[in-house]
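Inside the fold
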Amino acid sequence: MPGPRISRPLQAAVVLLCLLAVGCSQEKDAFLNRTFHRLTSRDNGWFNANEKLKEIVMDIEDAHVDNFDEVLPLFVYGTEAEAKAAIPDLEKCIDKCSLVIERHSMQIEGKERNRWIDDAWFVIARSQFYKRNFYEAERGFTYIGRRFKGGNRDLESWIWLARTAIQLEQYAKAQTALDHVRETKQLPKGFDQGELAAVQAELELKRGKVDDAILQLERAVTLAERKRERVRWAFILAQLYELKGQEQKALNQYAAVVKMNPPYEVAFHAQIFQALAFNKGDTKSLRKRLRSMLRDDKHIDHFDMIHYALADLDLKERKDSAAIDHLETSVRVSTTDTKQKAKSFLKLADIYFDDREYVPAQQYYDSTRALLSEEHVRYEEVDTRARVLGDLVEQLNIIAREDSLQALMGLDPTELDKKIRSIIRAREDAEEEAARKEEEARAAAELAPAKPERPAGGGAARGAWYFYDPQQISRGLTNFRKKWGNRKLEDDWRRKDRSGSATVMNTEEEEVADGGKEAGKEAEWKDPEYYMRDIPSDSAAVMASNARICTALYTSGMIYKEQLRDTDNAIESFEVLNNRFDECRFTPESHYQLYRIYLEKERTGWFSLEGIGSQTYANIILERWPDSEFARLVRDPNILQADELRRKEEEAAYKEVYGRYRQYEYWTVITACDRVILEEPRNHFRPKYHILKAMATGGTKNATGFRSILNEVKALYPGTEEAQAAEDLLAKLDGGTGSAPVLKNESPFKKGDGAHVYMVVVPNQGSDVTGMRATISDFNRSFFGSIPLELSSSFLDAAHQVILISPLPNKAKSLEYHALFIGDEEMLQGINNMGYPAFPITTENYAVLYKSKDLAAYQAFFEENYLDGQ
């Protein structure tokens, strides 16, 4: 009896399944096998991973905000924070392509028969690159270039290998990779020659060869395939022309950028930089263009920059007063760009400083310092000038105040009351004017049209909540810094005192603390009694007032002489002191300083037509103070040289004692310091010996003695670096454990770049180690899904357990894990924010640590050898 018949559709399905089963084989080089694996590789794994990678890269590039004060980067790779935020998505790209390679690679007779496998490797290597895991990326690109010679990703991988080597500062390797591409006999059709030239230009810039970079970039601009890259490279080319002083080429190139219809920020800055690069000729057309931009409200957030450019043109034509007007306007109309506001303040400060108008210069340097990033090339200079000028202005204010009070002392009651009320009215008028200008600036900011933000690429498209979207967070942080600058995270950050500064940054939420003004209470300075109470009323008060003036005149003179190198103002200060006071605390010193100033001037060939010189003041010193130290120095100028020689000898002796301290010979150091402190009161390094004694005492674990000697240093040497160091150490003691700092002995741990484990030390009591391990395991799957990490735990001592994560193949990978572990603000809350010791360690050092239990020693070793002492 015949069996049941099988329907034709079912027969076809069975046949298809058989064919698929045969086609799934990765060892058989048949048409069906190749077709199956190629289609599956391309459409299932590689395509999705590649599209995801494109989306990630676009998000990174969109989140980037260019700093137009510097030459722009040719390529945008994202920051550490952006790379960290993208790691989960990049790991997905790596996992998808790893699966493609595992299931669809067709290695037959030493040759890969699936032409999509090199594409999968290329996505993996680029994903590692954007993770900033450059060593893994380097290995990936090198593998593609050697394993898939002649493949469709061969030359691209060599170019990306060069990019990676540049990030690793391996410039010779980068050049070798680029040369390999150039030496290819026939480049494939559609090869991106523009990218090759641009990467070479980036390499030349890293090497400091700007001229060679310009040649490469000129080629890159003409060959660029995508408009986005062509515009960017053209703008950078203009910046490089300007950097090399090729003003006309820079002007022409900026004009060419404007004609490319670039994004708004690039177009605007190209026009502004045309004005800043202009160095000779008629500025009429440039001024006309800048003024027309001021009439266009779309530039309202950049009006400050336009006024800055106009001020720059004024300065080039030596119209200083017009430049100051434009710069003050630039500051006044500033809305969100604190970098530009800092530049305007700095330019004003420099103008006044060069003109030796130190009071306004100090205000503008102080305002600049409040806004300037600490990474700025001039931050240290600005900070020093603001501080030095602040000290100078303080002394000048003392002189002005005491002079005013003494002038009021001689008035009768009616005239005194009239004078005081005029002072009050003048201050009221000044405050009303300041309030009016502030209101104008605030009104300008409120009138600024709101700019709608474009959705942030893939982040918005995925519908993630704003505060979970890394790209949105990055953009928000960038915009915050653009408006408010780099501010420390602290309470009431918007209420930081700006007294003595030209900055006006109050908002509706801020309170103005002025002269003791409180809600419902009139400012103290409006009360005439406020001025009456400090007026000298008897001869003793007048003598005290004169003493303050004398001190302020001498101190200001020394600031002019030693810190500002302004001998003219120094001479004026010392001469005013000498002419005003026949004998005061600093009269001998003042004469001696004038003697030294004129002596230095005479050594350069200077002479006085009036006959006043160093000998004038030498004679006065010898006549009035014949037994003084100053007279001794005048009689024998070589004493100064002898004193300098003695200073060098003392310095050598101090270094020798300090060397013993570095060898942990604490008791020997304490004895040597005591001898100098007791027997050599004129030793130049006496304060340093005192602080060294304190540190050596701390090294003996004598916390009480350590604290006591630090207090002595504070009391004996006020205003010195040693006193400040003592104060800082005392603050750390008061805020810490109350014991002396642990000073490092020779470490038992050894440097190594081999296999590492990551350890987290947690207390036994109150710790859910099982829960912590589960949380860390989830973290590992999210951020290191491609690495098979294992967790274990054991008791370190009676009070602590250690959770171990392994294996980490080398030091670089362990540091990458450490950066992600301590920086995570979501998954590891309750672990990495609890202060538990956590760091990578080699397996050899872990064995040493497990025996010694000395976590503090390993922490010091880790900071010095893994974090460069941070």
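Refer to the structure above for everything that follows.
Scope of this entry: the structure provided in the associated data block. This structure is a prediction, so every number in the text was calculated from the model and none was measured. (Residues numbered from 1 in each chain as written. Predicted model: local features only at pLDDT ≥ 70, side-chain atom pairs only at ≥ 80, totals over all residues. Heavy atoms only, no water.)

**A closer look at the overall build of the chain**
Assigned secondary structure in the chain consists of 36 helices and six strands. The long-range share in the chain, meaning contacts at least 24 apart out of those at least 6 apart in sequence, stands at 64%. Accessible surface for the chain amounts to roughly 47,700 Å². Of this, 52% is attributable to carbon and sulfur atoms. (Helix = DSSP H or I, 4+ residues; strand = E, 2+ residues; numbered from the N terminus. Contact = heavy atoms within 4.5 Å. Areas by Shrake-Rupley, 256 points an atom, 1.4 Å probe, with all protein chains shown as cover.)

**Comments concerning the packing of helix 5 (residues 134–147) against helix 6 (residues 154–167)**
Where helix 5 meets helix 6, the closest approach of the two axes is 8 Å, and the angle between their N-to-C directions is 155 degrees. For the element pair helix 5 / helix 6, the angle class is roughly antiparallel. Handedness of the crossing formed by helix 5 with helix 6: left-handed. Of the residues in helix 6, those touching helix 5 at F134, A137, E138, F141, T142, I144 and G145 are D154, S157, W158, W160, L161, T164 and Q167. (Axes fitted to C-alpha atoms, helices over the stretch in contact; angles between N-to-C directions. Parallel < 35°, antiparallel > 145°, perpendicular 65-115°, else oblique. Left-handed = near helix turned anticlockwise from the far one by under 90°.)

**Details of the packing of aromatic side chains**
Inspection of the entire model under this criterion finds 48 aromatic pairs. When the centroid spacing of 5.4 Å and the interplanar angle of 35 degrees are considered together, the rings of Y592 and F630 count as tilted. Placement of the pair is Y592 in helix 25 (residues 587–603) and F630 in helix 27 (residues 629–635), with a sequence separation of 38 residues. Among the aromatic residues, those joined into a ring-pair cluster are F75, Y77, F122, F129, Y130, F134, F141, W160 and W233. Stacked on the ring of F148, the Lys or Arg R147 has its end atom at 5.5 Å from the ring centre. (Phe/Tyr/Trp six-rings, centres within 6.5 Å; stacked < 30°, edge-to-face > 60°. Lys NZ or Arg CZ within 6 Å of the ring centre and 35° of its normal.)

**What about a negative patch on the surface?**
Where like charges cluster on the molecular surface, the negative patch consists of D320, D354, D355 and E357. In this fold, D355 is placed in the loop between helix 16 (338–354) and helix 17 (358–371). Residue D355 is classed as partly exposed on the basis of its relative accessible area, which comes to 42%. (Patch = residues over 30% accessible without salt bridge, like charges linked within 9 Å, V, L, I, M, F, W, Y side chains within 5 Å. Salt bridge = Lys/Arg side-chain N within 4 Å of Asp/Glu carboxyl O. Lys, Arg positive; Asp, Glu negative; His and termini not counted. Charge placed at Lys NZ, Arg CZ, Asp CG, Glu CD. Buried < 20%, exposed > 50% of the residue type's maximum accessible area, 1.4 Å probe, protein only.)

**Observations regarding the sheet that holds strand 6 (residues 838–842)**
With antiparallel pairing, the four strands of this open sheet are ordered in space as 4-5-3-6. At either end of the open sheet lies a strand with only one pairing partner, and these are strand 4 (790–795) and strand 6. Direction aside, neighbouring strands of the sheet carry axes that sit 30 degrees apart on average. Two strands pair when backbone bridges link them, and strand 3 (residues 756–763) and strand 6 are joined in this way by five bridges, in the antiparallel orientation. For H756, the partnering residue across the bridge sits in strand 6 and is T842. Along the sheet, helix 34 (residues 811–823) makes contact with strand 3, strand 5 (800–808) and strand 6, crossing strand 3 at roughly 35 degrees. (Pairing = 2+ DSSP bridges.)

**Remarks on the side chain of D337**
Tracing the chain through its elements places D337 in the loop between helix 15 (320–333) and helix 16. From its side chain, D337 meets the backbone nitrogen of Q340 in a polar contact 3.3 Å long. (Polar contact = N/O pair within 3.5 Å; in protein donor to acceptor, adjacent residues only side chain to side chain.)

**Considerations on the pairing of strand 6**
The buried fraction of strand 6 is high, at five of five residues. Burial along strand 6 is two-sided: A838, P840 and T842 and F839 and I841, pointing in opposite directions, are all buried.

**Observations concerning the pattern of salt bridges**
Going through the model one piece at a time under the given rule, you end up with 50 salt bridges. In this structure, E381 and R378 form a salt bridge, with 2.9 Å as the shortest nitrogen-oxygen distance. Note on R378: relative accessible area 21%, which makes it partly exposed. In this structure, R646 and E650 form a salt bridge, with 2.7 Å as the shortest nitrogen-oxygen distance. Of this pair, R646 and E650 both sit in helix 28 (residues 638–662), four residues apart, which is roughly one turn of that helix. Overall, R646 belongs to the partly exposed group, its relative accessible area being 25%.

**Re the state of the cysteines**
Under the counting rule described, the total for this entry stands at one disulfide. A sulfur-sulfur distance of 2.1 Å marks the disulfide that ties C550 to C584. Between C550 and C584, the S-S dihedral sits near 60 degrees, and the bridge is therefore right-handed. Here the residue C550 occupies a position in helix 23 (residues 539–563), and C584 occupies one in the loop between helix 24 (567–580) and helix 25, the gap between them amounting to 34 residues. Here C93 is not cross-linked by a disulfide; its sulfur's nearest cysteine counterpart is in C97, at 7.0 Å. (Disulfide = S-S within 2.5 Å.)

**Side note on helix 23**
For helix 23, which comprises 25 residues, the first-to-last C-alpha distance of 35 Å matches the rise-based estimate of 36 Å (1.5 Å per residue) to within 8%. The N-cap residue of helix 23 is D538: its side-chain oxygen and the backbone nitrogen of A540 are 3.3 Å apart. In the stretch just after helix 23, R565 is the one whose phi turns positive, near 55 degrees. (Expected span 1.5 Å × (residues − 1).)

**Here's the deal with the pairing of strand 5**
By the bridge criterion, seven bridges tie strand 3 to strand 5 in an arrangement that is antiparallel. Directly across from H756, in strand 5, lies its bridge partner L808. In the sheet, strand 4 pairs with strand 5 via six bridges, with the strands oriented antiparallel. Looking at the pairing, S793 lines up with I803 of strand 5.

**Remarks on the environment of L237**
If you trace the backbone, L237 turns up in helix 10 (residues 227–243). The buried category is assigned to L237, whose relative accessible area is 3%. Sequence separation of L237 and L74 is 163 residues, and the distance between their C-alpha atoms is 9.9 Å. Those residues in contact with L237 that lie beyond four places of it in its chain are I214, L217, E218, V221 and Q253.

**Quick notes on the packing of helix 12 (residues 264–277) against helix 13 (residues 284–294)**
Each pair of packed helices gets described by two things: the angle between the helix axes and the distance between those axes. Contact geometry for helix 12 and helix 13: axes closest at 10 Å, N-to-C directions at 145 degrees. Viewed along their axes, helix 12 and helix 13 form a crossing whose handedness is left-handed. In contact with F268, Q271, I272, Q274 and A275 of helix 12, helix 13 contributes L286, R289, L290 and M293. Looking at side-chain class alone, the contact of helix 12 with helix 13 contains six nonpolar, two polar and one charged residues. (Nonpolar A, V, L, I, M, F, W, Y, C, P; charged D, E, K, R; others polar.)

**Focus: the environment of E844**
Counting through the fold element by element, E844 comes out in helix 35 (residues 843–852). Judged by its relative accessible area of 55%, E844 is exposed. Taking the C-alpha atoms as reference points, E844 and K750, 94 residues apart in sequence, are found 8.2 Å from one another.

**Some words on helix 7 (residues 171–182)**
Here helix 7 contains 12 residues, and its C-alpha end-to-end distance of 17 Å stays within 8% of the 16 Å for a straight helix at 1.5 Å per residue. Looking at helix 7, one finds that the buried residues are A174, Q175, A177, L178 and V181. Down the axis, helix 7 shows its buried residues gathered within 160 degrees of arc, on one side only. The outward face of helix 7, more than 90 degrees from its buried face, is lined by the exposed residues A172 and T176. Buried positions along helix 7 lie against helix 6 and helix 8 (193–207). (Arc of directions from axis to C-beta.)

**A closer look at unusual backbone geometry**
Where the residue is not glycine, phi is negative for most of them; where a peptide bond is considered, it is trans in most cases. Look at the link from S806 to P807: it is a cis peptide, with omega at 0 degrees. Within the secondary structure layout, P807 lies in strand 5. In this structure, E169 is a non-glycine residue whose phi angle is positive, near 60 degrees. For R356, which is not glycine, the phi torsion reads 60 degrees and is therefore positive. Mapped onto the secondary structure, R356 falls in the loop between helix 16 and helix 17. Residue class for R356 comes out partly exposed when judged on its relative accessible area of 40%.

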